[in-house]
Structures are given as C-alpha cells and as structure tokens.
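Overview (structure and organization)
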Amino acid sequence: MRRFTLPFLFAAALAACTPAPGTERVSAGETVDIASAGTQLSLQRAQNGIVRPLGYSPALQAAAETHAEYLSRTGNFSHAGPGGSTPRSRAARAGYRSCLTAENIARGQPDIRSVVAEWMNSPGHRANILNAQVTQYGFARAGSVWVLVLARPC
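Residues numbered from 1 in each chain as written. Predicted model: local features only at pLDDT ≥ 70, side-chain atom pairs only at ≥ 80, totals over all residues. Heavy atoms only, no water.

1. Some words on the sheet that holds strand S6 (residues 145-153)
Spatial strand order, S3-S5-S6-S4: 4 strands in an open sheet with mixed pairing. Strands at the two margins of the open sheet, each flanked by one partner only, are strand S3 (55-56) and strand S4 (98-107). Relative to S6, strand S5 (residues 136-142) is paired through 7 bridges, and the arrangement is antiparallel. Residue pairing across strands places Gln136 opposite Ala151, the latter belonging to S6. Docked against the sheet, helix H2 (residues 34-47) engages S3, S5 and S6, running at close to 125 degrees with respect to S5. (Pairing = 2+ DSSP bridges. Helix = DSSP H or I, 4+ residues; strand = E, 2+ residues; numbered from the N terminus. Contact = heavy atoms within 4.5 Å. Axes fitted to C-alpha atoms, helices over the stretch in contact; angles between N-to-C directions.)

Next up, the structure:
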C-alpha cells in the first residue's frame, strides 16, 4: 500500500502546480498575464453589449509576440511588419486561418488596464475591440510595445 502513496502524492503535487487553462503566462520579452488581458477585453465588450467573451488563441498569441518583438527591436511603430507583413499574414504564418483579422498596437503604457483604456478612447482601436465578429485574441508586450491581435477563424 505504501508504494502507491508516494507516486500519488507526487502526481497530486504536480497537478497543483499546473496553471488553470487560460492563466498561462507567456513571454514576449516580458510576461503578460493572458487571463487578465482576456478579462479586460471581455469586460469592455460586455459593457458595450457583446456578451460572448473572447477566446485565447496560441496562434494569435504567437503573431502578437512576433510583431511586438519586431516593433520593440526596431523602434518602428506600424501595423506593417518585416517584408510588408500584415496582421493577417502574420497570423497565417503562425498557423491561424482567419476570415477576419484586426490588430491594435500601443507604446508606453505601464500595464494592461492602461493600454486597454487608451485603446477604448481611440475610435479605431475601440472598433476593433468591440467588433462582434472577432472571437479570439492574442496579446503581447515587448519592452514598451503592446500588440493585440483579434480574429475570427474560417
């Protein structure tokens, strides 16, 4: 009976250390709390009548990280990336087949709440966040640059 107790305790301890889905911390030069980003975005959408929360997409996350790192490294500040890449082409390169893609970028905000608040005060960025057609997101930070990629898969 004792020889089964130790493996069970070890497995239980490992399970307790595993983050709940949607709470993973990912790195794009710095750590971004994906669950907090999703909560902030979904809160803004709910306050504006869009009750379905956005789902997290690892592929959109990869696209957001790639662009955030590029913008931070080069000092550029544009939706155009290396070789003229677009938000949609970067999502496709990350393995995401989208029917609709939007991207918000920002620089200099200290935290997720601040960057989302600033986007909500900008008509174009606000329209992207409140677009009821988008269903998934990726959110990254590199240095002082923030990138949000929103999309709907085909």
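2. Comments concerning the environment of Gln47
As for its position among the elements, Gln47 is in helix H2. Judged by its relative accessible area of 54%, Gln47 is exposed. When the C-alpha positions of Gln47 and Leu130 are compared, they lie 9.8 Å apart, and in sequence the two are 83 residues distant. (Buried < 20%, exposed > 50% of the residue type's maximum accessible area, 1.4 Å probe, protein only.)

3. Points about the packing of H2 against helix H5 (residues 112-120)
Two numbers describe a pair of packed helices, the interaxial angle and the distance between the axes. Close contact between H2 and H5 brings their axes to 10 Å; oriented N to C, the two are set at 30 degrees. Considering their axes alone, H2 and H5 lie roughly parallel with respect to each other. As for how H2 packs across H5, the hand of that crossing is right-handed. Of the residues in H5, those touching H2 at Ser36, Ala37, Gln40, Leu41 and Gln44 are Ile112, Arg113, Val116 and Met120. When the residues that make up the contact of H2 with H5 are grouped by side-chain class, the tally is 5 nonpolar, 3 polar and 1 charged. (Parallel < 35°, antiparallel > 145°, perpendicular 65-115°, else oblique. Left-handed = near helix turned anticlockwise from the far one by under 90°. Nonpolar A, V, L, I, M, F, W, Y, C, P; charged D, E, K, R; others polar.)

4. Remarks on helix H3 (residues 58-74)
When the terminal C-alpha atoms of H3 are compared, their 24 Å separation across 17 residues agrees well with the 24 Å that a helix rising 1.5 Å per residue should span. Of the residues trailing H3, Gly75 is marked for its positive phi of about 80 degrees. (Expected span 1.5 Å × (residues − 1).)

5. Brief notes about the pattern of salt bridges
Should the charged atoms of two oppositely charged side chains come close, the side chains can pair. Taken as a whole and assessed by the stated rule, the structure comprises 1 salt bridge. The partner of Glu103 in a salt bridge is Arg90, and the shortest N-O contact between them spans 2.9 Å. Taken together, the residues span a long stretch of sequence, with Glu103 in strand S4 and Arg90 in helix H4 (residues 87-93) at a distance of 13 residues. Neither residue differs from the other here; Glu103 and Arg90 are each classed as buried. (Salt bridge = Lys/Arg side-chain N within 4 Å of Asp/Glu carboxyl O.)

6. Overview of the state of the cysteines
Joining two cysteines, a disulfide is a covalent bond between their sulfur atoms. Overall, the coordinates contain 1 disulfide when judged by the stated rule. Between Cys99 and Cys154 runs a disulfide, and the two sulfur atoms are separated by 2.0 Å. Torsion about the S-S bond of the Cys99 and Cys154 cystine: about 135 degrees, corresponding to right-handed handedness. On the criterion of sequence distance, the pair formed by Cys99 in strand S4 and Cys154 in the segment after S6 is long-range, its members being 55 residues apart. The exposure class assigned to Cys154 is partly exposed, which follows from its relative accessible area of 47%. (Disulfide = S-S within 2.5 Å.)

7. Looking at the pairing of S6
Of all 9 residues in S6, 7 are buried; the element is thus mostly enclosed. Looking at chain direction, S4 and S6 are connected through 9 bridges and run antiparallel. Following the sheet pairing, Ala106 is matched in S6 by Trp146. Taking the residues between adjacent antiparallel strands as the criterion, S5 and S6 are bridged by 2 residues, where Gly143 takes a positive phi near 60 degrees.

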